[in-house]
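Residue-level structure breakdown
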4 protein chains.
Amino acid sequence: MNRKIRCAVIGLGRLGYWHAVNVKTKIQSAELVYICDRNEELAKKVSIELDVPNFTTNPSDIFSNDRIEAVIIASPTSTHFELLKEAAFSNKAVFVEKPLVSNLDEAKEIFEIMKRHSTICQVGFMRRFDPAYAEAKKRILRGDIGKPIYFRGISRDPASPPEEFIKNSGGIFIDMAIHDFDIARYLMESDVEAVSAHGKVLKYPFMSKYQDVDQSLCYLEFESGAVGDVESSRNAHYGYDIRAEVIGTEGTIFIGGLRQHNIQVLTSSGAVHDIVQDFPTRFKDAYYLELEDFFNALLEGYQPKVTVEDGVKAQEIAVAAQESFFKQEKVSLKTSKIL
Amino acid sequence: MNRKIRCAVIGLGRLGYWHAVNVKTKIQSAELVYICDRNEELAKKVSIELDVPNFTTNPSDIFSNDRIEAVIIASPTSTHFELLKEAAFSNKAVFVEKPLVSNLDEAKEIFEIMKRHSTICQVGFMRRFDPAYAEAKKRILRGDIGKPIYFRGISRDPASPPEEFIKNSGGIFIDMAIHDFDIARYLMESDVEAVSAHGKVLKYPFMSKYQDVDQSLCYLEFESGAVGDVESSRNAHYGYDIRAEVIGTEGTIFIGGLRQHNIQVLTSSGAVHDIVQDFPTRFKDAYYLELEDFFNALLEGYQPKVTVEDGVKAQEIAVAAQESFFKQEKVSLKTSKIL
Amino acid sequence: MNRKIRCAVIGLGRLGYWHAVNVKTKIQSAELVYICDRNEELAKKVSIELDVPNFTTNPSDIFSNDRIEAVIIASPTSTHFELLKEAAFSNKAVFVEKPLVSNLDEAKEIFEIMKRHSTICQVGFMRRFDPAYAEAKKRILRGDIGKPIYFRGISRDPASPPEEFIKNSGGIFIDMAIHDFDIARYLMESDVEAVSAHGKVLKYPFMSKYQDVDQSLCYLEFESGAVGDVESSRNAHYGYDIRAEVIGTEGTIFIGGLRQHNIQVLTSSGAVHDIVQDFPTRFKDAYYLELEDFFNALLEGYQPKVTVEDGVKAQEIAVAAQESFFKQEKVSLKTSKIL
Amino acid sequence: MNRKIRCAVIGLGRLGYWHAVNVKTKIQSAELVYICDRNEELAKKVSIELDVPNFTTNPSDIFSNDRIEAVIIASPTSTHFELLKEAAFSNKAVFVEKPLVSNLDEAKEIFEIMKRHSTICQVGFMRRFDPAYAEAKKRILRGDIGKPIYFRGISRDPASPPEEFIKNSGGIFIDMAIHDFDIARYLMESDVEAVSAHGKVLKYPFMSKYQDVDQSLCYLEFESGAVGDVESSRNAHYGYDIRAEVIGTEGTIFIGGLRQHNIQVLTSSGAVHDIVQDFPTRFKDAYYLELEDFFNALLEGYQPKVTVEDGVKAQEIAVAAQESFFKQEKVSLKTSKIL
Ligand SMILES: NC(=O)c1ccc[n+]([C@@H]2O[C@H](COP(=O)([O-])OP(=O)(O)OC[C@H]3O[C@@H](n4cnc5c(N)ncnc54)[C@H](O)[C@@H]3O)[C@@H](O)[C@H]2O)c1
Ligand SMILES: NC(=O)c1ccc[n+]([C@@H]2O[C@H](COP(=O)([O-])OP(=O)(O)OC[C@H]3O[C@@H](n4cnc5c(N)ncnc54)[C@H](O)[C@@H]3O)[C@@H](O)[C@H]2O)c1
Ligand SMILES: NC(=O)c1ccc[n+]([C@@H]2O[C@H](COP(=O)([O-])OP(=O)(O)OC[C@H]3O[C@@H](n4cnc5c(N)ncnc54)[C@H](O)[C@@H]3O)[C@@H](O)[C@H]2O)c1
Ligand SMILES: NC(=O)c1ccc[n+]([C@@H]2O[C@H](COP(=O)([O-])OP(=O)(O)OC[C@H]3O[C@@H](n4cnc5c(N)ncnc54)[C@H](O)[C@@H]3O)[C@@H](O)[C@H]2O)c1
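Model, not experiment: these values are computed from the prediction.

1. Considering the UniProt feature "domain: Gfo/Idh/MocA-like oxidoreductase C-terminal" (unreviewed entry) in chain A
- When the UniProt feature table is mapped onto this chain numbering, "domain: Gfo/Idh/MocA-like oxidoreductase C-terminal" (unreviewed entry) sits at residues 137–333 of chain A.
- Strand forms 28% of residues 137–333 of chain A and helix 36%; the C-alpha atoms that close the span are 25 Å apart.

Next comes the structure, spelled out in structure tokens:
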């Protein structure tokens, strides 16, 4: 009989709830024994619905529980730093949602602490587990496109999240573009050394209050000599549009597509297919696969495939992008780098 | 806490194994307590791998077990008739792989028996649960294409199964085209009243020994006045190609596609995407969804969505197609119909 | 300076007018000196519009004119036989619209006459000149798909032509499917030896008056051992849909597509592209290229690429298809063949 | 009989030759009576091949010829200024290839001169006549996408032109991105007010000698409040890739595609289609249509659809982009604007 990792989920919001569902219903190598949300009613409701034996509003109940091996952190970003420290101190393996923490000081400190405690930690960059991105990576590793020289990433949301969310999101570079920064490093097989960022409020005036924008474009320069760009947008009324292009010296890969159902409806006004509308649909498999791999890593003793170092590096790019946007000039990562 | 249906799987071959895996690892509403295969070694191996408490080589051990509510039959078609009878007599709900039984006499008898015993039975026409076909059905029901007037179904395998399988498969109409016959009835919202079948051996000479062909084309006439055709082929070296087109008076739906990964690789010799190669990949979701719905039907008390009547009707078309192919003339179902 | 072939167009209807325009404005190797239509007003109008020096209502004015080398016949099919005879007797090269003539007796006779007079004759199967079909042929000749074993042809019109046209059209097999019969022979590199045809009136009750149908399906058996099918329809409300698939032993080619403009419009209800609506749009290039090649053949002394023999052979298949449809049985071409 | 504009072509290189061919063989409203190239041999050869009555090596022979109404200038950009002046002084209508002239001083002067002489002038931004871009414009004018808020333009060449060309090309912004700057203005229905440019040499080290790059990215800010970006690349080994996306408040349009022939070849290694490889193939129709419209404008007395003002404005953006690239900072067009 297979061993199951006893685990807990902290934060049962938009994403945490799905993580709990996936662990409970799909991941064979894990057993969900505890859930936590500051909102007691929510914690209780989910514990009943998913038949989880224990719930709490206090994360420390989980970290102090010796029978729990792994913790999934899906509470707001502002809480990550403290929770990650507790995880390190209590010797739990940890899966933490992106972004790792709120700023680079925290990042630097948590990186050191985890190193000292040999904490096993995976960051929630689920795109790496999406079948399309994963296949692209395989092809690149296999040499199908030669050396990657240009990266193009597009992430478009159909609408802005509510003002309440934007307020605490850290801004478009840290909340949204960070996924592209990570996948760019991953597919280009190189770190980024400089970023120039542009942005504008096109649709949501409230963004200005938080020095945020609903549209941005970052120009990336990689250490390998490659370059690239990342577009982020909250204005793609037509759907949730996530794509990338990797141009290599000998081949190019286009990743992603808009189509939801594999059908086309034809009338005299044209041929139409529907479009993926949200991230839970687009990355359904990826959210499941990243957790499955996390638990397999624990069981089989290999390093998680998205490390805390990856979390820090993506964050450095995002922070540099934001700085570049504010200063209206290129920002070099050479000096800002903490690792 | 959710109730789970205690169930068993009989036959652990190509498909039965996957059904067992799905029940064990993905279906929340079922508990796999018994598995059976005539091959003891196989039954034992799977019971260990999937951590199933009981295994046997004798199906009767399952039917006589009072604590089992539902049985999944995935043994060879020739065994379906006897096993279905046992299921009816022992008051088990049953999920049976297509085709229902081996011939129309058996079909007629089993239909009567199940009616008498009020047996709950779902037939394994998984295409109805495939997200693309299901969405097409939804659109048709919603009236998006008006009245369906033409059906076109294509099912192409990349290669013939081994001679050993073909020998007992019942032939291309009963083994393969039957999926299209069912989905045609489903999408066209009408029964078939006549069929004209053509076929040829294009690649596998051994087919002739069993009066079988590796390529066939059936022309269907529906009771509604619509017509259509179904192509079946074992010769699509490029992959597993399942498509349909439904032309209505006001709209048309194209269903399916060849693409496997959502990436495209571009070189100076062109833009290429990979192609789905086999049925477990193409219908991964459908195989899971049909079982999930079967158990939900049991729990919530609704009729399974693919009934034994559907099984019989598809079989009638398949048998008529075969007869038409042998006689080289159109065969009307009006006379052959048993329901 | 390049020599120009002095030529005439007979019949200035839907297609003849376009042929005249193409010769006048695009074909460098021809000079349009005479046009003819039974309808005097039309002939006069076109002669003014296109600045053609002479017009007539009497085809004989053209055949008796010694300074004319080539004649394009685009009058109704029923007139082809007489006009082709005149062309042969007067030693004109001739481009004749499909179908060659009205029936097989005429076909046999005209074939003999042309042979005797060494008449140069090209038949208007323009699909062979369409860039997509032409490229497919090139690939097949190059061996890219091995030996062709299955042909699938689809021709769908958005609506039926008016009753007046259907009345004299010769029926769906001779008027419409004949294009697929020719292209099937061309791409499969084999003649057809038997055909089984099915058909139905789905939308236009008046079809029945002329023993015609608005939907048909032909199953073809080739001398090479390959098989195939041809669907013809007047009911594709969504547009003009011409496609083919050629399955070979080592590769498969899909030909054609629905898209008109190379743009996609995305809204929250999906991604839509427009669809080609008619044959002048779909085969714009082909209609021009077939004529250009006809005149080049004359100037450079090579055989036209679609011969009168091709015209006869396609007609044999069409006639056999019609017979098969009436008799409801397979019709073998072995006996009917006249060449 | 239709009147024909008597015209001449100056410069018979890569593009000028095609313009001469199009005028000679396809444009009904023009008559090519004179051609000119500094290279006498070339001028003579083309005059024989295309049967043009006169040729010269001296453009003044053309401008001084009273019977010539219109001149097509397709000589190197450095010659445009002098030739345009002669055209204005001699009252010829003129079609001039992009870019209008070599720098903004020339642009300013020529704009004034032409205004004074009421010179009719069309600039060779052929994308506006490409059926895909033209359809997109139609839809935008019709209001299909609401107000345009984001523009994305991609222009990728399969390889760099030879060093000799790059040397005098004016650099990637003026030689290549200028097409996107024009089409951006056209589709976004707004002028550009600021541009930030980035670039890098990825593949061709010789570019550095001329302060040029083989890859660039421009961020555009429009007067309307919209923003956008333009990628230009000489490194798309896979083909000639021209695309655009226009995001509006209510709809989005994707323009362009890579596919050359409308066929797909399927083998066990995937489904492949070929890719357009060069600009004469991609814009074949557009090069013809822009000239046809130029002559129609002359005949019918309407303003050419791409004016000298359009030429100046695109050049302003290109010059600003280059400046921004050199200075590594945003350049505002408000101050640089000359009109
Ligand atoms: N990977 C992705 O695609 C993706 C998508 C969305 C969100 N995220 C990340 O997931 C995290 C959560 O985002 P969300 O959108 O689910 O947020 P959310 O606001 O929907 O949910 C957060 C939940 O955490 C609870 N909570 C707050 N403080 C807590 C604490 N101290 N202890 C326990 N519970 C606490 C809240 O009550 C709430 O239920 C963020 O870090 C976000 O960046 C990632
Ligand atoms: N829905 C689909 O797409 C699909 C696909 C493949 C097969 N099928 C159907 O599934 C059924 C099984 O096909 P398969 O391809 O898995 O066959 P298979 O030969 O791979 O497996 C059949 C298994 O049943 C076992 N078996 C034989 N007789 C038995 C008995 N009396 N009791 C218990 N076990 C017995 C065999 O030992 C074998 O392990 C057939 O009816 C087939 O038509 C459906
Ligand atoms: N290749 C294709 O895709 C295609 C498409 C349409 C039609 N066609 C063929 O083209 C031919 C004409 O079809 P159409 O659709 O243009 O027909 P149409 O009825 O539109 O035009 C025929 C014209 O011929 C004139 N005409 C009749 N008898 C004449 C005579 N004896 N001499 C001179 N003129 C005469 C009529 O006045 C009319 O103007 C038919 O053979 C048809 O099968 C081919
Ligand atoms: N619209 C487009 O897509 C496109 C594409 C390519 C080039 N162009 C433009 O077209 C123009 C020509 O480019 P090209 O690539 O054809 O160049 P090219 O070098 O191939 O040809 C230029 C020709 O002009 C001749 N010439 C030079 N000076 C002359 C003079 N004073 N009088 C007469 N002839 C002279 C040369 O001998 C040569 O034959 C440039 O302005 C370029 O930017 C536009």
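2. Here's the deal with the site of ligand 1
All names here are of chain A.
- Ligand 1 sits among 24 residues. The nearest are Arg-14, Asp-37, Glu-97, Lys-98 and Tyr-287.
- Taking Asp-37, its side chain carries an N or O atom lying 2.6 Å from an oxygen atom of ligand 1.
- Thr-77 places a side-chain nitrogen or oxygen 3.0 Å from an oxygen atom of ligand 1.
- The protein chains hide 84% of the 850 Å² of surface that ligand 1 would expose on its own.
- Residue assignment for the shell around ligand 1 shows that the elements contributing at least two residues are helix H1 (14–25) and helix H4 (77–89).

3. Some thoughts on the interface of chain D and chain A
- Counting from both sides, the interface comprises 35 residues of chain D and, opposite them, 35 residues of chain A.
- The partner of Arg-152 of chain D in a salt bridge is Asp-229 of chain A, with the nearest N and O atoms 3.4 Å apart.
- Between the two partners, chain D and chain A, sit 20 residue pairs in polar contact (both at pLDDT 80 or more).
- Counting residues per element, the ones that place at least two in the side of chain D that touches chain A are strand E7 (148–156), strand E8 (192–200), strand E9 (215–222), strand E10 (227–233), strand E11 (241–248) and strand E12 (252–255) of chain D.
- Tallied by class, residues from the side of chain D that touches chain A come to 12 nonpolar, 12 polar and 11 charged.

4. Considerations on the environment of Lys-115 of chain C
- Mapping Lys-115 of chain C onto the fold places it in helix H5 (residues 104–117).
- Considered as a pair, Lys-115 of chain C and Glu-316 of chain C are 201 residues apart in the sequence and their alpha carbons are 18 Å apart.

5. Section: the site of ligand 4
All names here are of chain D.
- Near ligand 4, the surroundings consist of 24 residues, among which Arg-14, Asp-37, Glu-97, Lys-98 and Tyr-287 are the closest.
- Within the backbone of Arg-38, an N or O atom sits 3.2 Å from a nitrogen atom of ligand 4.
- Within the side chain of His-80, a nitrogen or oxygen atom sits 3.2 Å from an oxygen atom of ligand 4.
- About the coverage of ligand 4: the protein hides 84% of its 850 Å² of free accessible area.

6. What to know about the interface of chain A and chain B
- Of the residues lining the interface, 29 residues belong to chain A; the matching set on chain B comes to 29 residues.
- Taken together, the connections running from chain A to chain B amount to two salt bridges.
- In this structure, the salt-bridge partner of Asp-274 of chain B is Arg-139 of chain A, at a minimum N-O distance of 3.4 Å.
- Counting every contact that joins chain A to chain B gives 12 residue pairs in polar contact (both at pLDDT 80 or more).
- Of all elements in the fold, only H1, helix H6 (131–141), strand E12 (252–255) and strand E13 (263–267) of chain A reach the threshold of two or more residues within the side of chain A that touches chain B.
- Residue composition of the side of chain A that touches chain B, grouped by class: 10 nonpolar, 11 polar and eight charged.
- Judged from the four bridges that link them, E12 of chain A and strand E13 (residues 263–267) of chain B form a sheet pairing that is antiparallel. Within the sheet, the bridge partner assigned to Ile-253 of chain A lies in E13 of chain B and is Val-265 of chain B.

7. A closer look at the UniProt feature "domain: Gfo/Idh/MocA-like oxidoreductase N-terminal" (unreviewed entry) in chain A
- Within the UniProt annotation, "domain: Gfo/Idh/MocA-like oxidoreductase N-terminal" (unreviewed entry) is assigned to residues 5–125 of chain A.
- Along residues 5–125 of chain A, the helical share is 45% and the strand share 22%, with 21 Å between the first and last C-alpha atoms.

8. Things to note about the domain arrangement of chain A
Residue and element names in this part refer to chain A.
- Its domain assignment divides chain A into domain 1 (5–119) and domain 2 (131–278 + 314–336).
- Facing the eight residues of domain 1 at the interface are eight residues of domain 2.
- Together, the buried faces of domain 1 and domain 2 total about 660 Å²; carbon and sulfur atoms form 64% of this surface.
- Of all residues in domain 1, Lys-98, Pro-99 and Leu-104 give up the largest surface area on contact with domain 2, accounting jointly for 70% of the area buried on that side.
- Our enumeration of links across domain 1 and domain 2 arrives at one salt bridge.
- When the shortest N-O distance is used, the salt bridge between Lys-98 and Asp-175 registers 3.7 Å.
- Taken together, the links from domain 1 to domain 2 amount to two residue pairs in polar contact (both at pLDDT 80 or more).
- Tallied by class, the residues present in the side of domain 1 that touches domain 2 amount to four nonpolar, two polar and two charged.

9. Examining the sheet that holds strand E2 (residues 30–36) of chain D
All names here are of chain D.
- On the basis of which strands lie adjacent, the open sheet formed by six strands has the order E3-E2-E1-E4-E5-E6 and parallel pairing. Bordering the open sheet on either side are strand E3 (54–56) and strand E6 (121–123), each of which pairs with just one other strand. Put simply, the sheet's adjacent strands are angled 20° from each other on average, direction ignored.
- Strand direction decides the pairing type here: strand E1 (residues 5–10) and strand E4 (residues 70–73), joined by four bridges, are parallel. When the bridges of E4 are listed, Cys-7 appears paired with Ala-70.
- Contacts from helix H4 (residues 77–89) reach E1, E4 and strand E5 (93–96), with the element oriented near 165° to E5.

Scoring rules and cut-offs
- Residues numbered from 1 in each chain as written.
- Chains lettered and ligands numbered in written order.
- Predicted model: local features only at pLDDT ≥ 70, side-chain atom pairs only at ≥ 80, totals over all residues.
- Heavy atoms only, no water.
- UniProt positions renumbered as here; feature names shortened; annotations may be inferred.
- Helix = DSSP H or I, 4+ residues; strand = E, 2+ residues; numbered from the N terminus.
- Near = heavy atom within 4 Å.
- Polar contact = N/O pair within 3.5 Å; in protein donor to acceptor, adjacent residues only side chain to side chain.
- Areas by Shrake-Rupley, 256 points an atom, 1.4 Å probe, with all protein chains shown as cover.
- Contact = heavy atoms within 4.5 Å.
- Salt bridge = Lys/Arg side-chain N within 4 Å of Asp/Glu carboxyl O.
- Nonpolar A, V, L, I, M, F, W, Y, C, P; charged D, E, K, R; others polar.
- Pairing = 2+ DSSP bridges.
- Domains from an automatic or database assignment.
- Buried area = accessible area lost by both parts, 1.4 Å probe.
- Axes fitted to C-alpha atoms, helices over the stretch in contact; angles between N-to-C directions.

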